[in-house]
Amino acid sequence: MELYENKLWSLLAKKLAEEATEEELLELEKMSIAHPEIVYAAKKIEDLWSQQPPSGSDVEEQFQRLISRLKEKRLLPADESSAEWKHQQKNKKRHGRWLVLASAGATLALPIAYFLIKKIEPQDKQMRIHKQVNEVYSQPGSKTKLTLPDSSVVWLNADSRLEYGSEFGKNTRNVQLIGEAFFQVQPSTIPFIVKTGTVHIKVLGTAFNVRSYPGEKSTETSLIHGKVEITMDRRPDEKYILKPNEKLVINNDTASAPMSKNHQTLIVLSTLTRSKGSLIVETSWVENKLVFENESFQNLARRMSRWYNVEIEFADDGIKQLYFTGIFHKETIYQALEALQYSASFQFKTENEKIILYKN
Amino acid sequence: MTKKQLSTQLIEKIALYDDTAAYKELFFYYYPRLVQFSSYITADKASSEEVVSDVFLKVWKIRKSLLQIQNLQLYLYIATKNLSLNAVKKNERTKTFPLDQVSVDLRSVYLNSDERLITSETLKKIDKAIQLLPPRCKLIFKLIKEDGLSYKEVAGLLHLSTKTVDNQLSIALKKLGDSIPFRPVRSVSL
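Since the structure is predicted, the reported quantities are computational estimates derived from the model, not experimental observations. (Residues numbered from 1 in each chain as written. Chains lettered and ligands numbered in written order. Predicted model: local features only at pLDDT ≥ 70, side-chain atom pairs only at ≥ 80, totals over all residues. Heavy atoms only, no water.)

Peer 1: How would you sum up the overall build of chain B? Please name residues and give values.
Peer 2: Helices and strands together make up the secondary structure of chain B, namely nine helices and zero strands. For chain B, the N- to C-terminal ordering of α and β elements is α-α-α-α-α-α-α-α-α. In chain B, buried positions account for 55% of the 190 residues. Taken as a whole, chain B presents about 8,900 Å² of accessible surface, with 52% of it coming from carbon and sulfur. (Helix = DSSP H or I, 4+ residues; strand = E, 2+ residues; numbered from the N terminus. Buried < 20%, exposed > 50% of the residue type's maximum accessible area, 1.4 Å probe, protein only. Areas by Shrake-Rupley, 256 points an atom, 1.4 Å probe, with all protein chains shown as cover.)

Here it is in structure tokens:
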């Protein structure tokens with residue numbers, strides 16, 4: 001097989017497997033012009049490419065057997081009626097291979113489904129009552145994207161947790177957050193409320209970021225679109241309304257302490273930090289970039305620890321007050337630390353899977 | 001043509017709501033594929049059916065943490081592979097991964113095909129060419145074509161590089177292409 005031909009088949013393989021880049025697709029087109037006979041054969045193969053293996057009628061039988069096993073092992077309640085009717089009805093509008101395959105196994109049942117729906121539903125609701133809380137969490141070093149029942153989207157940053165009850169979306173939209181999340185909230189007459197340790201954030205159709213990690217001194221809320229109203233648990237009369245491009249930083253001690261005249265103002269309302277190229281620092285993590293603007297090494301190290309899922313310790317307090325500005329995108333932690341060394345004087349070493357930072 | 005992807009919504013339904021209808025959808029999609037994949041290892045349909053049932057049992061058991069799995073599709077295939085290898089060990093067969101006996105049963109698929117796209121004559125030629133593919137090549141062809149796995153997933157599953165996967169698939173396509181006679185009645189474009 002000539003090398004040229006090899007390359008053509010390789011590109012075609014990538015195209016059919018959907019692994020080809022734009023450049024590769026263009027190259028394939030160019031090469032095809034010179035080899036019409038290969039193109040002909042390729043077209044035939046492409047035609048048969050989208051065939052599906054048949055489901056077979058015994059898949060239903062196998063599934064029922066599996067359900068019995070699950071019930072035997074008490075992993076399913078004994079009276080669990082498969083909510084398939086309701087499910088098929090809901091998915092009637094979706095056009096996907098998923099639906100085609102699911103129906104193929106139960107086409108006979110479909111006409112009956114519609115009529116049974118009204119009867120099955122109340123029973124189904126009852127079964128769901130025992131589920132109180134839904135919890136989603138993302139571990140250090142990873143991010144999770146989640147769609148809530150009302151179609152609001154939440155991105156959870158590393159080491160964060162989101163909780164919401166099973167009644168979410170009915171009369172209330174309440175979620176509880178520990179850590180950091182970016183919210184894109186669906187407009188609705190039902191207010192969307194985010195509760196962090198000590199702060200309530202009420203929103204109506206907006207995009208905003210909340211940062212409230214235990215162990216950090218403050219809770220930060222940054223608004224991108226829309227409007228939010230922020231209150232603190234112990235001071236419900238003090239309401240702060242954020243407009244787009246503003247951020248509110250609340251010292252956690254302040255939030256949980258009752259009103260006191262001698263207290264320092266530890267609430268800061270400021271505009272969001274925009275670094276060069278209008279990358280918003282507070283929400284760049286959603287795009288997988290770790291952006292920092294004049295940030296102390298102490299804070300940055302803590303963020304990097306979460307981002308890379310590595311423990312970082314300071315051996316010398318003096319270097320905690322070094323300040324850095326920059327963006328990390330695809331660097332490893334070592335590359336990142338080396339990059340920081342270009343602008344400030346410090347050393348680092350690895351010990352027992354921890355990173356130790358010390359002065360030069 | 002869109003790549004088949006496990007919708008996050010489906011996984012969420014199972015992980016967050018214990019949704020058995022969603023679980024059933026998952027089963028219906030993966031059961032035939034995984035059983036076939038497993039039988040390349042066990043060479044025994046009954047064992048494979050048991051293996052895949054075990055895989056799905058596990059999926060239900062760990063449903064609450066499904067969202068933490070980066071690639072559930074790959075997880076299912078790897079779990080199937082491991083349990084199949086265990087099953088083989090248990091039966092004290094000393095065969096290695098018996099790709100020699102792989103019979104990719106693609107015949108039944110083409111019975112359902114839209115015959116206006118492909119003449120049955122061409123179909124037979126292609127079918128024969130597939131049967132004659134070397135075992136590993138045939139397996140890779142099947143995993144990508146029918147099961148819709150990505151290069152990366154196949155590479156991870158079979159411990160190969162993505163370059164090797166691409167090579168094998170190219171070889172398969174070339175062999176199939178060679179089996180189709182050229183009849184330039186009109187110009188075609190990809």
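Peer 1: How would you explain the sheet that holds strand β15 (residues 311–314) of chain A if you had to name every residue and give the values?
Peer 2: All names here are of chain A. Taken together, the three strands give an open sheet; going across it, the order is β15-β18-β17, and neighbouring strands pair in mixed fashion. The outermost strands of the open sheet, each flanked by one partner alone, are β15 and β17 (347–351). For this sheet the average axis-to-axis angle between neighbouring strands, irrespective of direction, equals 25°. Two strands pair when backbone bridges link them, and β15 and strand β18 (residues 354–358) are joined in this way by four bridges, in the parallel orientation. Across the sheet, Ile312 pairs through a bridge with Ile355, a residue of β18. (Pairing = 2+ DSSP bridges. Axes fitted to C-alpha atoms, helices over the stretch in contact; angles between N-to-C directions.)

Peer 1: Residues and numbers for the confidence of the model for chain A, please.
Peer 2: Residue and element names in this part refer to chain A. Residue-level pLDDT values for chain A average 71, and 68% of them are 70 or greater. The weakest mean pLDDT in chain A belongs to helix α7 (residues 110–128) at 31; the strongest belongs to β15 at 92. Within the model, pLDDT remains below 50 along residues 82–131, and this stretch shows 58 contacts once partners closer than five positions in the same chain are excluded. Under a pLDDT of 50 for its full length, residues 257–267 has, in the predicted model, 18 contacts with residues more than four places off or in other chains. (pLDDT = per-residue confidence, 0-100. Contact = heavy atoms within 4.5 Å.)

Peer 1: Hey, could you go over the nonpolar core for me, with residue numbers and the actual values?
Peer 2: Core analysis: the largest hydrophobic core is formed by 70 residues, its most contacted members being Tyr23, Phe56 and Leu143 of chain B. Here the element with the most residues in this core is helix α2 (residues 20–42) of chain B; it accounts for twelve residues. Aside from chain neighbours lying at most four places away, what touches Tyr23 of chain B is Phe63, Leu66 and Leu70 of chain A together with Ile14, Phe56, Leu57, Val59 and Trp60 of chain B. Leu146, Leu148, Ala181 and Val194 of chain A belong to the second largest nonpolar core, which has 27 residues in total. (Core = buried A, V, L, I, M, F, W, Y, C linked by side-chain atoms within 4.5 Å.)

Peer 1: Any chance you could break down the packing of helix α1 (residues 3–16) of chain A against helix α9 (residues 162–178) of chain B for me, citing the residues and the numbers?
Peer 2: In contact at an axis separation of 8 Å, α1 of chain A and α9 of chain B are set at 105° when each is read in the N-to-C sense. Considering their axes alone, α1 of chain A and α9 of chain B lie roughly perpendicular with respect to each other. Note on element contacts: α9 of chain B touches α1 of chain A through Asp166, Leu169, Ser170, Leu173, Lys174 and Gly177 of chain B, opposite Glu5, Trp9, Ser10, Leu12, Ala13, Lys14 and Leu16 of chain A. For the contact of α1 of chain A with α9 of chain B, a count of residues per class yields six nonpolar, three polar and four charged. (Parallel < 35°, antiparallel > 145°, perpendicular 65-115°, else oblique. Nonpolar A, V, L, I, M, F, W, Y, C, P; charged D, E, K, R; others polar.)

Peer 1: Just give me the short version of unusual backbone geometry, but keep the residues and values in it.
Peer 2: Of note, the phi angle at Ser151 of chain A is positive, near 75°, even though the residue is not glycine. Of note, Ser151 of chain A is situated in the loop between β2 (144–147) and β3 (153–156).

Peer 1: Residues and numbers for the pairing of β18 of chain A, please.
Peer 2: All names here are of chain A. The sheet contact formed by β17 and β18 spans five bridges and is antiparallel. Residue pairing in the sheet places Gln347 in a bridge with Tyr358 of β18. Between β17 and β18, which pair antiparallel and follow one another directly, the connecting turn spans two residues, one of which, Asn352, has a positive phi of 50°.

Peer 1: Let's hear about the packing of aromatic side chains: which residues, and what values?
Peer 2: With the rule as written, the count across this model stands at 20 aromatic pairs over all chains. Pairing Tyr23 of chain B with Phe56 of chain B gives two aromatic rings, centres 6.2 Å apart and planes at 70°, and the pair type is edge-to-face. Taken as a pair, Tyr23 of chain B in helix α2 and Phe56 of chain B in helix α3 (residues 45–61) lie far apart in primary sequence, 33 residues in all. Just as Tyr23 of chain B is buried, Phe56 of chain B falls in that class too. Cluster of aromatic residues (ring-pair linked, three or more members): Phe63 of chain A together with Tyr23, Phe27, Phe28, Tyr31, Phe56 and Trp60 of chain B. Sitting above the plane of the Tyr29 of chain B ring, Arg33 of chain B keeps its charged end 4.1 Å from the centroid. Above the plane of the ring of Trp60 of chain B lies Arg63 of chain B, whose end atom (NZ or CZ) is 4.3 Å from the centre. (Phe/Tyr/Trp six-rings, centres within 6.5 Å; stacked < 30°, edge-to-face > 60°. Lys NZ or Arg CZ within 6 Å of the ring centre and 35° of its normal.)

Peer 1: I'd like a rundown of α1 of chain A, residues and numbers included.
Peer 2: Residues and elements named next belong to chain A. When the terminal C-alpha atoms of α1 are compared, their 20 Å separation across 14 residues agrees well with the 20 Å that a helix rising 1.5 Å per residue should span. Three or more residues of α1 are buried, namely Glu5, Leu8, Trp9, Ser10, Leu11, Leu12, Ala13, Lys14 and Leu16. Positive phi shows up at Glu18, right after α1, with a value of about 60°. (Expected span 1.5 Å × (residues − 1).)

Peer 1: Tell me about helix α8 (residues 151–158) of chain B, and please be specific about residues and values.
Peer 2: Most of α8 of chain B is tucked away: six of the eight residues are buried. The set of residues buried in α8 of chain B consists of Tyr151, Glu153, Val154, Ala155, Leu157 and Leu158 of chain B. Buried positions along α8 of chain B lie against α1 of chain A together with α2, α4 (72–90), α7 (135–145) and α9 of chain B. In the stretch just after α8 of chain B, His159 of chain B is the one whose phi turns positive, near 60°.

Peer 1: A description of the pattern of salt bridges should follow, citing residues and the corresponding values.
Peer 2: Residue and element names in this part refer to chain A. Throughout the structure, instances matching the rule amount to 16 salt bridges over all chains. Note that Glu295 and Arg303 form a salt bridge whose closest N and O atoms lie 2.8 Å from each other. Of the two residues, Glu295 and Arg303, both sit in the buried class. Here Lys320 makes a salt bridge to Asp317, at a shortest N to O gap of 3.1 Å. (Salt bridge = Lys/Arg side-chain N within 4 Å of Asp/Glu carboxyl O.)

Peer 1: Could you give an account of the environment of Tyr23 of chain B, naming the residues involved and the relevant values?
Peer 2: Here Tyr23 of chain B falls in the buried class, since its relative accessible area comes to 0%. Measuring from C-alpha to C-alpha, the distance between Tyr23 of chain B and Lys13 of chain B comes to 8.3 Å, with ten residues separating the pair along the chain.

Peer 1: Describe in detail the environment of Phe346 of chain A, supporting the description with residues and values.
Peer 2: All names here are of chain A. Turning to its location among the elements, Phe346 is positioned in the loop between α10 (333–341) and β17. Residues Phe346 and Lys359, spaced 13 residues apart in sequence, show a C-alpha to C-alpha distance of 4.6 Å. With residues up to four places along the chain from it excluded, the contact list for Phe346 reads Phe297, Ile319, Leu322, Phe324, Leu337, Leu340, Gln341, Leu357, Tyr358 and Asn360.

Peer 1: Break down the side chain of Asp166 of chain B for me, with residues and values.
Peer 2: On the secondary structure map, Asp166 of chain B appears in helix α9. Lys14 of chain A is the oppositely charged side chain nearest to the buried, salt-bridge-free Asp166 of chain B, at an N-O distance of 4.2 Å. Apart from residues lying up to four places away in sequence, Asp166 of chain B is in contact with Ser10, Ala13 and Lys14 of chain A together with Tyr151 of chain B. (Lys, Arg positive; Asp, Glu negative; His and termini not counted.)

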